[in-house]
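Listed below are the residues making up each chain.
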Amino acid sequence: MSTLAQFDAVMAKCKEIFLKKTRDYGTAWRILRAASLTDQLYIKAKRIRNLEETQTQKIADSIDSEYQGIVNYAIMALIQLEVPEELG
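Residues numbered from 1 in each chain as written. Predicted model: local features only at pLDDT ≥ 70, side-chain atom pairs only at ≥ 80, totals over all residues. Heavy atoms only, no water.

**A closer look at the pattern of salt bridges**
Cut-off, in case you're wondering: By definition here, a salt bridge exists when the distance from a side-chain nitrogen of Lys or Arg to a carboxyl oxygen of Asp or Glu is within 4 Å. Counting from the N terminus, the helices are DSSP H or I runs at least four residues long and the strands are E runs at least two residues long. Residue burial is assigned from relative accessible area. The probe radius is 1.4 Å, only protein chains are included, and a residue is buried under 20% of its type maximum, exposed over 50%, and partly exposed in between.
Using the criterion set out here, one finds 3 salt bridges in the structure. One salt bridge in this structure joins Glu-66 and Lys-44, with 3.2 Å as the shortest N-O distance. Separated by 22 residues along the polypeptide, Glu-66 in helix H3 (residues 63-81) and Lys-44 in helix H2 (residues 34-54) bring together distant segments of the chain. Exposure remark for Glu-66: the relative accessible area of 3% places this residue in the buried category. The partner of Arg-47 in a salt bridge is Glu-66, and the shortest N-O contact between them spans 3.2 Å. You can see Arg-47 sitting in helix H2 and its partner Glu-66 sitting in helix H3, a full 19 residues away along the chain. On the basis of relative accessible area, Arg-47 is assigned to the partly exposed category, the value being 22%. A cluster of three or more residues bridged by salt bridges with shared partners is formed by Lys-44, Arg-47 and Glu-66.

Here it is as C-alpha cells:
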C-alpha cells in the first residue's frame with residue numbers, strides 16, 4: 001500500500017470518529033479555548049509516551065486510538081483558531 005493510500009485510510013478513520021462523536025455529543029468542544037485543546041493534545045501525547053515506555057495498559061484504548069485523538073483534537077484547534085475571539 002502506498003503512503004498516500006495509507007494517509008487517506010488513516011484520515012478516513014479519523015473523520016469517521018470525528019463525525020460519530022459529533023453525532024453523539026454535538027459540537028460541545030466549540031466552547032473550548034485553543035489552550036484547552038492544546039492541553040488535550042499534551043495529555044494524548046503523554047499517554048502515548050507512557051504506553052510506549054512502560055508497555056503496560058490498564059484501559060483498553062490503543063495507541064492507534066490515541067493518535068487518532070491527537071489528529072482530531074488538532075483539527076478542532078485549527079477550527080477554533082478560525083473563530084474570532086469574541087465568538088469563541
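**As for the nonpolar core**
Let me state the cut-off plainly: We define the nonpolar core as a collection of buried residues of types Ala, Val, Leu, Ile, Met, Phe, Trp, Tyr and Cys that are connected through side-chain atoms lying within 4.5 Å of one another. Note on contacts: a residue pair is in contact if any heavy atoms of the two residues lie within 4.5 Å.
Counting residues in each nonpolar core, the largest one holds 5 residues, listed as Phe-18, Trp-29, Leu-37, Met-76 and Ala-77. Not counting residues up to four positions away in its chain, the partners in contact with Met-76 are Phe-18, Trp-29 and Leu-37.

**Here's the deal with the side chain of Gln-80**
If you trace the backbone, Gln-80 turns up in helix H3. The contact partners of Gln-80, leaving out residues within four places of it in the chain, are Trp-29, Arg-30, Ile-31, Leu-32 and Leu-37.

**Quick look at the packing of helix H1 (residues 3-25) against H3**
Test applied: Interaxial angle, 0 to 180 degrees, is taken between N-to-C directions of lines fitted to C-alpha atoms, where a helix line uses only the stretch in contact. By the definition adopted for this analysis, an angle is roughly parallel if under 35 degrees, roughly antiparallel if over 145, roughly perpendicular if from 65 to 115, and oblique otherwise. Crossing handedness is defined as follows: a turn of the near helix away from the far one that is anticlockwise and smaller than a right angle gives a left-handed crossing, while the clockwise case is right-handed. Ten residue types, Ala, Val, Leu, Ile, Met, Phe, Trp, Tyr, Cys and Pro, are classed as nonpolar, four, Asp, Glu, Lys and Arg, as charged, and the remainder, Gly among them, as polar.
Orientation of H1 relative to H3, taken along the N-to-C sense of each, is 70°, at an axis distance of 10 Å. In terms of orientation, H1 lies roughly perpendicular with respect to H3. Both H1 and H3 take part in a crossing whose hand is right-handed. Residues Met-11, Lys-13, Cys-14, Ile-17 and Phe-18 of H1 touch H3, and the partners they reach there are Gln-68, Val-71, Asn-72, Ile-75 and Met-76. Along the lines of polarity and charge, the residues of the contact of H1 with H3 split into 7 nonpolar, 2 polar and 1 charged.

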